[in-house]
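# Remarks on the overall topology
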Amino acid sequence: MMALMLRKITLLVFALGLSACGRETYTTWSCIDGAGSKSTMILKKAQMQFQDLQYAYCGSLGPLSYFDLKCSGQIQESSQIFTPGSGKLVSNGKELKCNAL
């Protein structure tokens, strides 16, 4: 009886593990600029989708994550600088406040 229950639990855990393998992780953020205009940003794997453009992940320094259309050797020059902990996004010099949905 115990062996049968253990087998069922093992199969259940295995099935749940397999179901998660194909899923992509992403986070959707709602961002507001100083003028009150809203935008949606999606962080998906190593990419940012923002204002109908797709930015590549260029790297991180401390809490800051850098994204750009094409990464250069100087990640601090990236057009998109995001701080996930505070939700601050600096997009081409313009600051937005983002909240995860």
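Cut-off values and rules
Residues numbered from 1 in each chain as written. Predicted model: local features only at pLDDT ≥ 70, side-chain atom pairs only at ≥ 80, totals over all residues. Heavy atoms only, no water. Phe/Tyr/Trp six-rings, centres within 6.5 Å; stacked < 30°, edge-to-face > 60°. Helix = DSSP H or I, 4+ residues; strand = E, 2+ residues; numbered from the N terminus. Buried < 20%, exposed > 50% of the residue type's maximum accessible area, 1.4 Å probe, protein only. Polar contact = N/O pair within 3.5 Å; in protein donor to acceptor, adjacent residues only side chain to side chain. Contact = heavy atoms within 4.5 Å. Salt bridge = Lys/Arg side-chain N within 4 Å of Asp/Glu carboxyl O. Core = buried A, V, L, I, M, F, W, Y, C linked by side-chain atoms within 4.5 Å.

## Description of the packing of aromatic side chains
With the rule as written, the count across this model stands at 2 aromatic pairs. Between the aromatic rings of Trp 29 and Phe 82, the centroid separation amounts to 4.9 Å while the plane-to-plane angle is 80°, which identifies the pairing as edge-to-face. Of this pair, Trp 29 sits in strand S1 (residues 26–33) while Phe 82 sits in strand S6 (residues 80–83); the two residues are 53 residues apart in sequence, bridging distant segments of the chain. Here the two residues Trp 29 and Phe 82 agree in accessibility, since each one is buried. Here the aromatic rings of Tyr 57 and Phe 67 are separated by 5.6 Å at their centres, their planes lie at 65°, and the arrangement is edge-to-face. In this pair, Tyr 57 sits in strand S4 (residues 53–61) while Phe 67 sits in strand S5 (residues 64–68), placing the two residues 10 residues apart along the sequence. Residue Tyr 57 is classed as partly exposed on the basis of its relative accessible area, which comes to 36%. For Phe 67, a relative accessible area of 5% corresponds to the buried category.

## What about the side chain of Ser 91?
Take Ser 91: it is sitting in strand S7 (residues 88–91). Separated by 2.9 Å, the side chains of Ser 91 and Gln 80 make a polar contact. Every residue in contact with Ser 91, bar those within four places of it in the chain, is listed here: Phe 50, Gln 51, Ser 79, Gln 80 and Leu 96.

## A short note on the pattern of salt bridges
In the structure shown here, the tally under the stated rule is 2 salt bridges. As a salt-bridge pair, Lys 94 and Asp 33 come within 3.0 Å of each other at their nearest N and O atoms. Taken together, the residues Lys 94 in strand S8 (residues 94–100) and Asp 33 in strand S1 connect sequence positions 61 residues apart. A relative accessible area of 10% places Asp 33 in the buried class. Across the pair Glu 95 and Lys 88 runs a salt bridge whose closest N-O atoms are separated by 3.9 Å.

## Some details on the nonpolar core
Across soluble globular proteins, nonpolar side chains show a tendency to be buried alongside one another. Core analysis: the largest hydrophobic core is formed by 12 residues, namely Trp 29, Cys 31, Met 41, Leu 43, Met 48, Phe 50, Tyr 55, Phe 67, Phe 82, Leu 89, Leu 96 and Cys 98. Contributing elements (two or more residues each) for this core: S1, strand S2 (38–44), strand S3 (47–50) and S8. In this structure Leu 89 touches Cys 31, Met 41, Met 48, Phe 50, Gln 80, Ile 81, Phe 82, Lys 94, Glu 95, Leu 96 and Cys 98, once residues within four positions along its chain are discounted. Core analysis: the second largest hydrophobic core is formed by 5 residues, Cys 58, Tyr 66, Ile 75 and Ile 81 among them.

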